[in-house]
Amino acid sequence: MNLNSNRSLFPILSSHTHLASCSQGAIAIPVSKTIEDYHQSLLNDGTNWGAALKKADAARGLFAQLIGAEKDEVAILCSVSDTLSSIISTLSDHPKRKGIVFTDLDFPTVGHILYAQKRFKDYLSIVRSFNNEIPLEQYEKKVSNDTLLTCIPHVNYCNGYKQDVKKIADIVHGKGSLLFVDAYQSAGHIPINVKEMGIDMLATGTRKYLLGIPGVAFLYIRKELAEELNPRVTGWMGQEESAAFDLFNPIPAVGTRRFETGTPAFISIYAAYEALRVLLEVGINNIESHLKNLTQFGLQYGLEKGLSLAGPLTIENRTSLMSFHVENAPLAEAKLRERKIIVSARKDVIRIAPHFYNTQDDIQLALDELSQLV
């Protein structure tokens with residue numbers, strides 16, 4: 001399949017080289033159109049509540065399909081920070097286990113949330129990386145029989161390092177711990193099957209590789225576990241329909257939907273639905289195969305140009321997110337944008353993150369210009 005035949009779906013590509021999917025994916029015409037449709041429905045009809053609820057349910061179903069889950073195992077919230085905060089507050093009721101393990105490769109919001117919890121602040125353990133990678137033995141050491149939850153990133157946001165979630169799941173489950181996976185840098189371009197990978201909880205947002213806009217995060221919790229949990233952070237959208245307007249007798253919704261709170265960002269849900277539809281039509285396996293080829297080229301070409309790569313040197317345990325060391329990364333990002341090349345700076349690296357609409361020529365152009373700046 002020639003994935004680049006879909007380039008015409010993305011208007012930005014007619015004027016720019018867009019390589020920042022790790023920060024904000026390019027917006028496709030169907031996504032833009034559905035945002036406008038939502039807007040017009042409010043202008044012309046005054047309200048579209050019923051249609052918006054149906055769209056939210058449809059988007060929930062498409063995301064469930066994307067990760068191999070059931071629709072009732074998916075909740076819609078506003079951000080990954082919201083999902084993890086809700087989970088942590090819910091787990092604080094656990095009568096025995098109290099340890100939480102996370103890694104130094106997690107996105108900072110994980111630490112921000114965990115350190116804010118009085119219940120857990122003295123029971124946090126950090127899995128340390130070596131050369132920006134985490135050997136599996138580290139999980140064997142840090143996860144104990146007292147660990148309640150282990151939090152990991154599927155892919156490191158800074159350098160593209162990808163972890164073997166299934167092997168980590170086997171380790172932490174052997175200690176009796178639950179596993180939470182931050183999939184913000186993987187969902188949309190790497191195949192995910194939550195059942196096969198042994199994931200208890202997973203969260204991601206839509207603005208990066210899922211090709212949507214800010215305002216929507218999807219939370220997966222396996223149904224058996226969700227039914228055992230009573231969210232402290234909830235709201236009328238997290239209740240059974242019969243209880244939604246009952247002030248005094250709340251009844252949590254079935255499955256993970258009980259973690260929903262108030263009225264969601266419907267305009268972002270419309271965008272998420274169309275973006276997911278595009279991704280599923282193209283096929284995540286096709287996307288991964290295409291990106292592996294681009295990554296292989298990018299790694300080799302970057303080294304040929306004298307650039308210093310951050311993270312794994314091969315495609316075996318990394319994604320298409322390629323990071324190159326730059327002394328003043330934000331300035332380099334700004335200068336590349338002046339040349340109509342969109343990348344993303346983090347810390348001391350420039351992140352080049354292609355998607356299925358990118359070509360080898362895109363990678364080559366960006367690396368040529370970056371090498372001149374460096």
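Rules used throughout
- Residues numbered from 1 in each chain as written.
- Predicted model: local features only at pLDDT ≥ 70, side-chain atom pairs only at ≥ 80, totals over all residues.
- Heavy atoms only, no water.
- Phe/Tyr/Trp six-rings, centres within 6.5 Å; stacked < 30°, edge-to-face > 60°.
- Helix = DSSP H or I, 4+ residues; strand = E, 2+ residues; numbered from the N terminus.
- Buried < 20%, exposed > 50% of the residue type's maximum accessible area, 1.4 Å probe, protein only.
- Lys NZ or Arg CZ within 6 Å of the ring centre and 35° of its normal.
- Salt bridge = Lys/Arg side-chain N within 4 Å of Asp/Glu carboxyl O.
- Pairing = 2+ DSSP bridges.
- Right-handed = clockwise from strand over helix to strand, strands pointing away.
- Axes fitted to C-alpha atoms, helices over the stretch in contact; angles between N-to-C directions.
- Contact = heavy atoms within 4.5 Å.
- Expected span 1.5 Å × (residues − 1).

**Q** Break down the packing of aromatic side chains for me, with residues and values.
**A** Across all of its chains, the model carries 11 aromatic pairs by this definition. With a centroid separation of 4.5 Å and an interplanar angle of 50 degrees, the aromatic rings of Phe 10 and Tyr 357 are classed as tilted. In this pair, Phe 10 is assigned in the segment before β1 (17-18) and Tyr 357 in the loop between β13 (349-352) and α12 (360-373), connecting sequence segments 347 residues apart. Owing to a relative accessible area of 2%, Phe 10 belongs among the buried residues under this scheme. An aromatic cluster of at least three residues, connected via ring pairs, comprises Trp 49, Trp 236, Phe 245 and Phe 266. Here Lys 55 stacks its cationic end above the ring of Tyr 270, 5.2 Å away from the centre of that ring. The side chain of Lys 55 reaches across the aromatic face of Tyr 273, ending 4.4 Å from its centre.

**Q** Lay out the pattern of salt bridges with the relevant residues and their values.
**A** In the structure shown here, the tally under the stated rule is 14 salt bridges. Here Arg 277 and Glu 281 are joined by a salt bridge, their closest N and O atoms 3.5 Å apart. Of this pair, Arg 277 and Glu 281 both sit in helix α9 (residues 266-282), 4 residues apart, roughly one helical turn. Judged by its relative accessible area of 30%, Arg 277 is partly exposed. The exposure class of Glu 281 is exposed, given its relative accessible area of 61%. With a shortest N-O distance of 2.6 Å, Arg 339 and Glu 369 are connected by a salt bridge. Residue Arg 339 is found in the loop between α11 (329-338) and β11 (341-342), and its partner Glu 369 is found in helix α12; the two are separated by 30 residues along the sequence. Given the relative accessible area of 38%, Arg 339 is considered partly exposed.

**Q** Which residues make up the pairing of strand β4 (residues 124-127), and what are the values?
**A** Relative to β4, strand β3 (residues 99-103) runs parallel, the two sharing 4 bridges. Opposite Ile 100, over in β4, you have Leu 124 as the bridge partner. In terms of handedness, the path from β3 via helix α4 (residues 108-115) over to β4 forms a crossover that is right-handed.

**Q** Describe the sheet that holds β3, and please don't skip the residues or the numbers.
**A** Taking strand neighbours across the sheet as the criterion, the 7 strands line up as β2-β8-β7-β6-β5-β3-β4 in an open arrangement whose pairing is mixed. Strands with a single pairing partner mark the edges of an open sheet, and in this sheet they are β2 (74-77) and β4. Sheet twist, expressed as the mean angle between neighbouring strand axes with direction ignored, is 20 degrees. For β3 and strand β5 (residues 147-153), the ladder comprises 3 bridges, and the chain directions are parallel. Bridging from a neighbouring strand, Ile 100 pairs with Leu 149 of β5. Here helix α2 (residues 49-67) sits on the sheet and contacts β2, β7 (201-205) and β8 (217-221); the angle it forms with β2, its principal contact strand, is near 125 degrees. Across the sheet, α4 lies against β3, β4 and β5, angled at about 160 degrees from β3, the strand it touches most.

**Q** Report on α12, specifying residues and quantitative values.
**A** Between its first and last C-alpha atoms α12 spans 20 Å; for 14 residues at 1.5 Å apiece the expected length is 20 Å, and the two agree. Looking at α12, one finds that the buried residues are Asp 362, Ile 363, Ala 366, Leu 367, Glu 369, Leu 370 and Ser 371. Elements that come into contact with the buried residues of α12 comprise β1, α10 (284-304), β10 (322-325), α11, β11 and β13.

**Q** I'd like a rundown of α10, residues and numbers included.
**A** Spanning 21 residues, α10 covers 30 Å between terminal C-alpha atoms, matching the ideal 30 Å at 1.5 Å per step. When α10 is considered as a whole, its buried residues turn out to be Ile 284, Ile 287, Glu 288, His 290, Leu 291, Leu 294, Thr 295, Phe 297, Gly 298, Leu 299, Tyr 301 and Gly 302. Elements in contact with the buried residues of α10: α2, α9, β9 (309-310), β10 and α12.

In short, geometric facts, not functional conclusions.
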